[in-house]
Amino acid sequence: MNKQKNTNVDKSMIIIVLGFVLLVCFGLFAAPEISKKTINELNSFITVKLGFIYIWIVLISIILCVYLGTSKYRNIRLGEGKKEYSEFSWASMMFCASMAAGFLYWGSIEWVFHYMDPPYGIIPFSSTAAEYSTTLPLFYWGFSAWSVYLIPAVAFAFIHYNLKQEKFDVSNACRPVLGDRVDGILGKIIDIFFLFGILGGVGTALGIGSPLVSACLNKLFGWEDTNILRFGVMVLVTIIFTISAYNGIKKGIKILSDINIFLMLATMVFLFVVGNTVFIIKMQTTSLGILINQFITMSTNMDPVNNSGYTESWTVFYWAWWMSYSLFMGLFIAKISKGRTIKQLIFGGLGYGFLGSFTFFSVFGNYFLDQQLSGAYDVVKGVLENGGPTTVVDIFSKAPFGSVFVFAILITSIISMATNFDSAAYTMAMVSSKKIQLGQRPSKGLTIFWAFCLAAIPMSLMIFGGSLLELQTLSIILALPTCGVYVILIVSCFKMLETYYQNSQRF
């Protein structure tokens, strides 16, 4: 039995990706400064010279998502039978697999950076800057982000559930465009690019979540926020997500996701009630109006005259991050979307995605903005002098039942990172399996292997590099080849759906 399982593993793919992980880890060990400099120089070149690629792909993805959800293909059901998961569990797993690790931190503090250094010629620290500061996070974490996940999800689900193909990977979904070439070296390259993208994207999420956990531990127990502590956090998260990934979707990922969403909702409701509720509602409404009015401008502005660097630092970074997640999330959403129509998947993903981002960012961000504007806490000074994670936890600790609330944030942050990682490990195991039958899961041993690979590079940075900023910039670099695969996949998706639709019309 074990021999049969081993033959289902694509060993060549594992060897190449493992070699890449070892190479990066060795580079950080042997020459940490040179390695970090190389990563940063590549990042600078891509964002400045090639950033427009990310801008255009995301903009087109939004348009195609709306078209797909309203087109003649909209009622095609992805697989037979009823929906496999409830709306709540489905939405929870999507959130926790992609964005939950960043919600608590960036939801609270991102507005500070836009307030200090706003785009579009807005005067820093002005009332207009304040209004835009809570609008821009809704833009970065809203419809645009979710649009790049959903068309790949339709493609993967259609291939697996409707065409009943056992090869559940990225290259096979490109077959309508590339033909049988996906069975050779080209297919291997596509799948390897996909795996590289996950390494960068998930590492970025870790770079966001880990410091917040360390700051919570420092506040609660007085433990000094050092790289050793953050490494310990990494070990704990790795243990949790390895156990969850081993148990699969229904017994692991689903349970963790449900718990995580309940905790996040509880913390959000608590802040909404104890904070300046009227201010939060007013700013929510104002931000929504600005977003609707300025959406096209925000989606296309590249600041070619002033070259302030804002677009590269924020829009390009976010779009690259979401692109590095796009194929992974497409595969994962496809796996949990059996029984849904294309319309339900598209508008469910866009709707739940934006509603979640809007709710969490509006409550957390505006609670913190009110602290700044009312004079209760100088959030800007705290971020500049003490750093974002320390400032976030310090403000949380001053809320009613502060210690309890910080502890809740600690648990939620740990679970958020764990669910993000175990979803990624599960998806990587699916792609590196030669075939996955309907209803089958990848081997547990392969899933655990990928879980440790995902943790290896961040842990190496903890030990030798100090900062996780290089890993966050690595996501932009690794997302670039993903863009090419993504475009091929989108064309393939529409070709498959058109062929299927034409055939169905004949009978």
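For the structure itself, look to the data block above.
In this report, the structure presented in the accompanying data block is examined. (Residues numbered from 1 in each chain as written. Predicted model: local features only at pLDDT ≥ 70, side-chain atom pairs only at ≥ 80, totals over all residues. Heavy atoms only, no water.)

### Some points on the environment of Gly-387
The following threshold applies: To qualify as a helix, a DSSP run of H or I must reach at least 4 residues; to qualify as a strand, a run of E must reach at least 2; elements of each kind are numbered from the N terminus. When accessible area is computed with a 1.4 Å probe and restricted to protein chains, residues below 20% of their type maximum are described as buried, those above 50% as exposed, and intermediate ones as partly exposed.
For Gly-387, the position within the fold is in the loop between helix H16 (379–386) and helix H17 (388–397). A relative accessible area of 21% means that Gly-387 is categorised as partly exposed. For the pair Gly-387 and Pro-211, spaced 176 residues apart in sequence, the C-alpha separation works out to 9.9 Å.

### A closer look at the nonpolar core
This is how the line gets drawn: To qualify as a nonpolar core, a set must consist of buried Ala, Val, Leu, Ile, Met, Phe, Trp, Tyr and Cys residues joined through side-chain atoms within 4.5 Å. In what follows, a contact means two residues having at least one pair of non-hydrogen atoms within 4.5 Å.
One finds Tyr-54, Tyr-318 and Trp-450 to be the most contacted residues of the largest nonpolar core, which totals 164 residues. A total of 18 residues in this core trace back to one element, the largest contributor, which is helix H14 (residues 310–335). Excluding residues within four positions of it along the chain, Tyr-54 makes contact with Ile-46, Val-316, Trp-319, Ala-320, Met-323, Ile-476, Ala-479, Leu-480 and Cys-483.

### Side note on a nonpolar patch on the surface
In plain terms, the rule: For patch building, the residue pool is restricted to those with more than 30% relative accessible area and no salt bridge; the joining distance is 9 Å between like charges and 5 Å between nonpolar side chains (Val, Leu, Ile, Met, Phe, Trp, Tyr). Exposure was quantified through the Shrake-Rupley algorithm and a 1.4 Å probe, taking into account, for residues, occlusion by the shown protein chains and nothing else. A carboxyl oxygen of Asp or Glu within 4 Å of a side-chain nitrogen of Lys or Arg is what we treat as a salt bridge.
Residues Phe-52, Trp-56 and Ile-60 make up a contiguous nonpolar surface patch of roughly 330 Å² in combined accessible area. Summarising the element assignment, Phe-52 is placed in helix H3 (residues 32–70). According to the relative accessible area criterion, Phe-52 is partly exposed, its value standing at 41%.

### Some remarks on the side chain of Ser-71
The following threshold applies: Polar contacts here mean pairs of N or O atoms no more than 3.5 Å apart (in protein, one a potential hydrogen donor and the other a potential acceptor; neighbouring residues in sequence count only if both atoms are side-chain atoms).
Its location among the elements puts Ser-71 in the loop between H3 and helix H4 (87–98). Of the polar contacts made by the side chain of Ser-71, one reaches the backbone oxygen of Leu-68; its length is 3.0 Å.

### With respect to helix H18 (residues 402–431)
Quick reminder of the rule: In this analysis, the expected span of each helix is defined as 1.5 Å times one less than the number of residues it contains.
The end-to-end C-alpha separation of H18 is 44 Å, in line with the 44 Å expected for 30 residues at 1.5 Å each. Counting buried positions over the 30 residues of H18 gives 26, a clear majority of the element.

### Some points on the pattern of salt bridges
Oppositely charged side chains are able to pair whenever their charged atoms sit close together. Taken as a whole, this structure holds seven salt bridges when the rule is applied. A salt bridge links Glu-87 to Arg-340; its shortest N-O distance comes to 2.7 Å. With Glu-87 in helix H4 and Arg-340 in the loop between H14 and helix H15 (342–374), this residue pair connects regions lying 253 residues apart in the sequence. Since its relative accessible area comes to 29%, Glu-87 is described here as partly exposed.

### Observations regarding unusual backbone geometry
With phi around 60°, Tyr-120 is a residue other than glycine that occupies positive phi space. Summarising the element assignment, Tyr-120 is placed in the loop between helix H5 (100–116) and helix H6 (127–133). Since its relative accessible area comes to 33%, Tyr-120 is described here as partly exposed. With a phi angle near 55°, Phe-401 is a residue other than glycine that sits in the positive phi range. The class of Phe-401 is exposed, set by a relative accessible area of 65%.

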